[in-house]
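Notes for the structure review
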Amino acid sequence: MDKKQAKKRVEVLRDLLEKANKAYYQDAHPFISDKEFDDYLAELEQLENQYNLATPDSPTQRVGGEPSSDFETVTHPVRLLSLDNTYNEDELNDFDRRVRELLGHKNYSYMAELKFDGAAIRLRYEDGDLVLGATRGDGERGDDITRNVKTIKDIPLHLKNGYPDVAEIRGEAYIERDAFLRLNEHRQQQGLNAFANPRNSTAGSLKMQDPREVARRPIRFFSFDLMTDNETPITQYKKMELLQEYGLRVCKHYKKCEDIAEVHNQIDQWKELRHNLPYETDGVVIKVNEDKYRDQLGSTSKAPRWAIAYKFEAEQATTAVKNIRLQVGRLGKITPVADFQAVELAGTTVKHASLHNEDEIHRKDIRIGDRVVIEKAGEIIPQVVSVVNPDRENREPPFKMPGHCPACGEELTKLGEDIDWRCINPECPPQIRQRIEHFASRDALDIEGLGEAVVDQLVSEGLISTYADLYELEKEELLPLERMAEKSAQNLLDAIESSKEQPLDRVIYALGIRFVGKTVARDLANGFQTMDALMDADEETLGEIDSIGPKIAESVVTFFEQEHNRQMVKTLREHGLTFRMEEQKQSSQKLKGKKLVLTGSLPSFTRKEATELIEKHGGKRTSSVSGNTDYLLKGDSPGSKYDKARELGIEIIEEDDFLKLIDKKQ
Ligand code: IVH
């Protein structure tokens, strides 16, 4: 390939990856697999390096790096203040009066903007390049989360159109309502706790250690403030225009208001319309428009005197608790749920709400028959706020958690310090059903036609009780089921048959091990290469894989310690599942079976590139030195891993030796 051809290919790949990203993040409708995405990205990276074609806005610059153990603290040059809040019209008029009195005239105007309910972020661009992304922290100092911020597609890596030498930009990262619900659904499928609201999920996502994981979260960003090295005061309105010119995303619902009456109009309008927006807004921010007046007004230690947030009251309703029932999750978690008399709240009919756990019910003292105030947390998920008139007479007795599973009668248990009760009976019917549904789901073995309704019938007719039983189904057994004709039965059997060829990572995910989601399953498959090796791994070996912490390692070991799970894997194999590895693009097997640990920085490779090279040649990069380590690859300023390797007598090599090993150099 010559440079011209490479350039063409680079363009094709960039276009494809951008589209794939959009499909994945914005439309939630991916058209290529994660694996294909990674492969194209690797190809692009390789071409960019070889032909010197890297640009700051290339998709290769978005997802990078490996997990770092902690964030550096950064001191903000200008404090990130918070805003004073008000909940009523009178206080807003007071604010306006104060501004007028302090300035001594009425020549100022306002900007009314939506207040987004997410996490504040500060960005710094130098010569147009994004050099820093930081959290607000305590306003004076925040965390350097640049690597994570770079994965957010709404944040350009490079500014456009006459940008200033230095630009400090502020804005809000957030997650849209639908994406939030999907994220929670996904978490629950994986046996993780759901996020309470979009704000928590955004803040949590931005603080994850692994930028590759952050890149998978549907985080969006609105900018609303700009500071440059240009001293000339401008207006908020102009800043919003400039931000857009530079390529940043701003929320278009901003409005210049000539006086406070116009501001009130804006607020009234958004009180209703906000429910139609795809994201959460908890109020309107009112800002004096002109910088020159802002400077005159100044700030208190906490908040500027030139701005105020008008917060919407969360919409509430009251209703009666008809019943408190227990729901059994796929992994046996018991969640108490309140059933209500149906009531309208912020645009939907609410019939039930999760009460989360026993402690929460007691904290709020919710009892059957009570009238309760409900609201939507982050305007989405209904929650019980409090009991109306808890001192009334003749209340039902306090809620008592039944000691047994409502579905199968098994005694409930608590694991370690968990606040949740669990049913640990592997034969518990709702758990069986959900396990089979998970096994057949799109990201697992992808068995089309095996949705909730069919699984329900198969289990209740006694045709299957484990996912392994699927492979013994016969057409005659399927035909009597509802809505099952000759053709659909055959299609289902064909889909079950072809699922036998699904690769190892999907099978690992399908097994339904607690905390093992798609990504972890893929890392496990890559790390161990065979199901047998994974089944026999101990916590230490598991922990050598970068993304596997002690919690996941323990969960995997516990899963495979249970005889019925080992037996299940054996049965799947007997039924013809291949557990095959997806073909890897390996250039050689020169490092086959070898484990390498990296320490310090290598002269010509990033850690990511070195890892890729190791994997490409059949080796494995592990994060800590142990007796199983084959080589320690040492760069400049090595850390404690170097001492440990010397202590254990591990062979220590430098970049040159490494290149010789993989035959890149003679
Ligand atoms: S202006 C000095 N505008 O609200 C005040 N803030 O309570 C600068 N927020 O941490 C903030 N939407 O993250 C401003 N349109 C908006 C906003 C907004 C949300 C957040 C911001 C800040 C918090 C203050």
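Predicted, not measured: the structure shown is a model, and the values here were computed from it.

**Let's talk about the site of the ligand**
In the vicinity of the ligand, 13 residues are found, and the nearest of them are Glu113, Leu114, Phe116, Glu172 and Lys287. Within the backbone of Leu114, an N or O atom sits 2.9 Å from a nitrogen atom of the ligand. Contact between the ligand and Glu172: an oxygen atom at 2.3 Å from a side-chain N or O atom of the residue. About the coverage of the ligand: the protein hides 88% of its 530 Å² of free accessible area. A total of four residues in the shell around the ligand trace back to one element, the largest contributor, which is strand β3 (residues 110–116). Looking at the shell around the ligand residue by residue, the class counts come to seven nonpolar, one polar and five charged.

**Considering the confidence of the model for the protein**
Scored by pLDDT, the protein has a mean of 89; 95% of the residues are at 70 or more. pLDDT under 50 marks residues 64–69. Its contacts with residues more than four places away, or in other chains, come to 24 contacts.

**Quick notes on the nonpolar core**
Judged by nonpolar contacts, the single largest core of 58 residues is most densely connected at Ile447, Leu470, Leu524, Met531 and Leu542. Among the secondary structure elements, those contributing two or more residues to this core are α12 (429–440), α13 (452–460), α15 (486–498), α16 (504–510), α17 (518–528), α18 (531–535), α20 (550–561) and α21 (563–574). With six residues, the single largest contributor to this core is α20. One finds Ile121, Ile145, Ala173 and Ala179 within the second-largest nonpolar core, a separate group that totals 35 residues.

**Some remarks on the environment of Val99**
As for its placement among the helices and strands, Val99 is situated in helix α3 (residues 89–103). Those residues in contact with Val99, other than ones at most four positions away along the chain, are Tyr108, Tyr110, Val288, Leu297 and Arg305.

**Some words on the pattern of salt bridges**
Applying the stated criterion across every chain yields a total of 42 salt bridges. The salt bridge partner of Asp282 is Lys311, with a shortest N-O separation of 4.0 Å. Of this pair, Asp282 sits in strand β10 (residues 281–288) while Lys311 sits in strand β11 (residues 307–311), and the two are 29 residues apart along the sequence. Residue Asp282 is classed as buried on the basis of its relative accessible area, which comes to 16%. Judged by its relative accessible area of 16%, Lys311 is buried.

**Comments concerning the packing of α12 against α13**
Two elements in contact, α12 and α13, have axes separated by 10 Å at closest approach and are oriented at 135°. The angle between α12 and α13 falls in the class oblique. Of the two elements, α12 crosses α13, and the hand of that crossing is right-handed. Across from Ile432, Arg433, Ile436 and Glu437 in α12, the residues of α13 making contact are Glu452, Val455, Asp456 and Val459. Tallied by class, the residues present in the contact of α12 with α13 amount to four nonpolar, no polar and four charged.

**Points about the sheet that holds strand β9 (residues 255–257)**
Taken in spatial order, the five strands of this open sheet run β2-β11-β10-β3-β9, and their pairing is mixed. Of all the strands in the sheet, the pair left with one neighbour each is β2 (85–86) and β9. Here β10 runs beside β11; their pairing, made up of five bridges, is antiparallel. Counterpart to Val284 in the pairing with β11 is Tyr310. Its contacts with the sheet place helix α9 (residues 260–273) against β3, β9, β10 and β11, and it is angled at close to 145° to β9.

**Structural notes on the sheet that holds strand β4 (residues 119–126)**
Pairing is antiparallel in the open sheet, where four strands are placed in the order β5-β4-β7-β8. Edge positions in the open sheet fall to β5 (129–135) and β8 (219–228), since each of these has one partner strand only. The average undirected angle you get between the axes of adjacent strands in this sheet is 25°. Bridge count between β4 and β5: six bridges; the pairing is antiparallel. When the bridges of β5 are listed, Glu126 appears paired with Asp129. Strands in contact with helix α6 (residues 198–206) are β4, β7 (166–175) and β8; relative to β7, the strand with the most contacts, it is inclined by about 125°.

Criteria and cut-off values
Residues numbered from 1 in each chain as written. Predicted model: local features only at pLDDT ≥ 70, side-chain atom pairs only at ≥ 80, totals over all residues. Heavy atoms only, no water. Near = heavy atom within 4 Å. Polar contact = N/O pair within 3.5 Å; in protein donor to acceptor, adjacent residues only side chain to side chain. Areas by Shrake-Rupley, 256 points an atom, 1.4 Å probe, with all protein chains shown as cover. Helix = DSSP H or I, 4+ residues; strand = E, 2+ residues; numbered from the N terminus. Nonpolar A, V, L, I, M, F, W, Y, C, P; charged D, E, K, R; others polar. pLDDT = per-residue confidence, 0-100. Contact = heavy atoms within 4.5 Å. Core = buried A, V, L, I, M, F, W, Y, C linked by side-chain atoms within 4.5 Å. Buried < 20%, exposed > 50% of the residue type's maximum accessible area, 1.4 Å probe, protein only. Salt bridge = Lys/Arg side-chain N within 4 Å of Asp/Glu carboxyl O. Axes fitted to C-alpha atoms, helices over the stretch in contact; angles between N-to-C directions. Parallel < 35°, antiparallel > 145°, perpendicular 65-115°, else oblique. Left-handed = near helix turned anticlockwise from the far one by under 90°. Pairing = 2+ DSSP bridges.

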